[in-house]
Amino acid sequence: MSRRVLVLAERDGRGVAEITFELLEAAARLAEDPSGVFVALPAADADEAEAAADGLPAAEILGVCGPALAAYSADGYAEAILQAREAAGAHCVLLPHTSIGWDTAPLAAARSGAAAATGATGLRWTDEGLFVSRKAFSGKFVQEVLLPGLPAVATVERGTFPARISGGAASFRVLPCRVRPEDLRSRLLEVREVESAGEVDLPAAEVVVAAGRGMGGPENLPLLEELAQALGGVVGASRAVTDAGWLPHDRQIGSSGATVSPKLYLACGISGAIQHLVGMRGARFVVAINKDPDAPIFGAADLGVVGDALEVLPALNEAIRKAR
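The residue count restarts for each chain, going from 1 along the sequence in the order it is written. Whole-chain, interface and lining totals are the exception, using all residues; otherwise, since this is a predicted model, local features are given only for residues with pLDDT of at least 70 and side-chain atom pairs are given and counted only at 80 or more. Values reported for side chains reflect all heavy atoms of the structure, with hydrogen atoms and water molecules removed beforehand.

Caption draft 1: The pairing of strand β6 (residues 92–96), seen in detail. Most of β6 sits inside the fold, with five of its five residues counted as buried. Covered by surrounding structure in β6 are C92, L94 and P96 together with V93 and L95, the residues of both alternating faces. Between any two strands, at least two bridges found by DSSP are needed for them to pair. What counts as a helix is a DSSP run of H or I of at least four residues, what counts as a strand is a run of E of at least two, and both are numbered from the N terminus. Bridge analysis of β6 against strand β10 (residues 152–156) gives five bridges, and the strand direction is parallel. Considered in β10, the bridge of L94 is made with A154. Only protein chains enter the accessibility calculation, which uses a 1.4 Å probe; a residue whose area is less than 20% of its type maximum is buried, one above 50% is exposed, and one in between is partly exposed.

The structure is reproduced here in structure tokens:
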């Protein structure tokens, strides 16, 4: 039996956020038919929604439009989801596991009498309902949560599914938002830009060179910067590095930091605590450099180099310079 799945399109300063395309892939697998994938796109007006909808691969884009959706609010987005779900006849609603998803999913589920789960890393239908797999205890265990009945609501972790980018929407429909700005119980008052040392977008990077305590100190980090620049990547870090102040906390990878899924992940001087492994588990190819042959990071590596990162990295950078 095919199912209809609705995806909430999240937008950032550059347009539709990358995680939305990952959700569309998850929706296509759950629906088992491209005609069963729908997108809820909250916007201030139809022109804004139609511009943002361009290139989204789905059966139909449902632009829920009105002044109440000019800025994000949980009230407004939950109403947009409810309207779009009713219009699409969706059996399941997928939201990104971001601050917007965490905020909106419980409210949307409560208003539609649905069961909800957050942080999904796996999704599958059974006769009993939707089964959601998610990490627990900093990734040491995997929970399987049953969402019985329909509809079901879930947020999906970034990097769980590849981005679905081929094709465009079969149709676009405008749904006037049923709530007015004065109906909202919460409103956006101000947006403050967070200062970042390098404005690095770790989750979007295709190459990540990560620093651990084995790098010795901040004076050795230029070795990583040089390597990352040569490979077209960015520098990340373990919690030990950010706690020590060598790099800002927005560079931290792990259960209390960013989750990354690059094509290449180089762990330099990182021991491989489970809290860190949780954040880089989606990497396609992992190279680990550590002088301890028993370091746990080697258990997660496709290629391991036993050696001091302060000796290996200069040689690696030199080899790249010569190759170029």
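Caption draft 2: Here's a closer look at the packing of aromatic side chains. Aromatic contacts are taken between Phe, Tyr and Trp rings whose centres are within 6.5 Å, Trp giving its six-membered ring; a plane angle under 30 degrees counts as stacked, one over 60 as edge-to-face, and the others as tilted. Overall, the coordinates contain one aromatic pair when judged by the stated rule. Taken together, a centroid distance of 4.7 Å and an interplanar angle of 75° make the contact between Y72 and Y77 edge-to-face. Judged by relative accessible area, Y72 falls into the partly exposed class, the value being 24%. Over the ring of W125 we find R3; its NZ or CZ atom is 4.5 Å from the centre of that ring. Any Lys NZ or Arg CZ found within 6 Å of a ring centre and within 35 degrees of that ring's normal is scored as a charge over the ring. Lying over the aromatic face of F131, R124 brings its terminal NZ or CZ to 4.7 Å of the ring centre.

Caption draft 3: Structural context of the environment of A53. Inspection of the secondary structure assignment puts A53 in helix α2 (residues 46–53). Exposure remark for A53: the relative accessible area of 7% places this residue in the buried category. Separated by 118 residues in sequence, A53 and S171 place their C-alpha atoms 10.0 Å apart. Excluding anything up to four places from it in sequence, A53 contacts L41, I61 and F172. Note on contacts: a residue pair qualifies if any of its non-hydrogen atoms lie within 4.5 Å across the two residues.

Caption draft 4: Main features of a negative patch on the surface. Patches here are clusters of residues that have more than 30% relative accessible area and form no salt bridge, with a 9 Å joining cutoff for like charges and a 5 Å cutoff for nonpolar side chains (Val, Leu, Ile, Met, Phe, Trp, Tyr). Every accessible area reported is derived by Shrake-Rupley at a probe size of 1.4 Å, with residue values counting cover from the shown protein chains alone. Throughout this description, the term salt bridge denotes a Lys or Arg side-chain nitrogen within 4 Å of a carboxyl oxygen of Asp or Glu. Positive charges are assigned to Lys and Arg, negative charges to Asp and Glu, while His and the chain termini are left out of the count. Charge positions are represented by NZ for Lys, CZ for Arg, CG for Asp and CD for Glu. Taken together, the side chains of D45, D47, E50 and D54 make up a negatively charged region of the molecular surface. Position of D54 relative to the elements: it lies in the loop between α2 and β5 (60–65). Judged by its relative accessible area of 68%, D54 is exposed.

Caption draft 5: Just the nonpolar core, in detail. Core analysis: the largest hydrophobic core is formed by 37 residues, its most contacted members being L24, L30, L94, L123, L130 and V132. Tallying contributions element by element places helix α1 (residues 18–31) first for this core, with eight residues. Other than its neighbours up to four places away in sequence, L24 contacts V7, V37, V39, L56, P57, A58 and R164. Counting 24 residues, the second largest nonpolar core, distinct from the first, contains L69, A80, A108 and A114. What we call a nonpolar core is a set of buried Ala, Val, Leu, Ile, Met, Phe, Trp, Tyr and Cys residues that are connected through their side-chain atoms within 4.5 Å.

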